[in-house]
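Below, each chain spelled out in residue letters.
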Amino acid sequence: MTQEHTTIRRHKRGDTFSEAIPIPASIPDGYFAGWAMAAQVRDSSGNLVHTLQATWDDPVVTRVILLTSFPAPTTEWPIDSLGFDVQFTRPDGTVTSTNTLTIICTKDQTYV
């Protein structure tokens, strides 16, 4: 499942990363029920920055993917252009991924 998603996400290092990704309307409700999901953030050299938690807002309908860095902090994320995608694994083991999406990680200005 590749989908065009050109929005660049901006993220402040140290903040909790959270993203909701809608499934295209052309894919029927429940299509991904029972599929496993994984999502990783990587730097421009391909180094792993963070493994995100990937869940469905509703695991029966499977219309919106919820990604979060919580509970792990993003304080060590590099100030850089980062990439992530969501990888789906069907029950039969077949794997497909979304397009790679971009995160521009910037320095936080408040350290409380």
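Residues numbered from 1 in each chain as written. Predicted model: local features only at pLDDT ≥ 70, side-chain atom pairs only at ≥ 80, totals over all residues. Heavy atoms only, no water.

Caption draft 1: Fine view of the packing of aromatic side chains. Tallied over the entire structure, the rule returns nine aromatic pairs. Judged by centre distance (5.0 Å) and plane angle (85 degrees), the rings of Tyr31 and Phe32 are edge-to-face. Pairing Trp56 with Phe88 gives two aromatic rings, centres 6.2 Å apart and planes at 25 degrees, and the pair type is stacked. Within this pair, whereas Trp56 is found in strand E4 (residues 48–56), its partner Phe88 is found in strand E6 (residues 81–89), the two being separated by 32 residues in sequence. By the burial criterion, Trp56 is buried, and Phe88 matches it. A network of ring pairs unites the aromatic residues Tyr31, Phe32, Trp35, Trp56 and Phe88 as a single cluster. (Phe/Tyr/Trp six-rings, centres within 6.5 Å; stacked < 30°, edge-to-face > 60°. Helix = DSSP H or I, 4+ residues; strand = E, 2+ residues; numbered from the N terminus. Buried < 20%, exposed > 50% of the residue type's maximum accessible area, 1.4 Å probe, protein only.)

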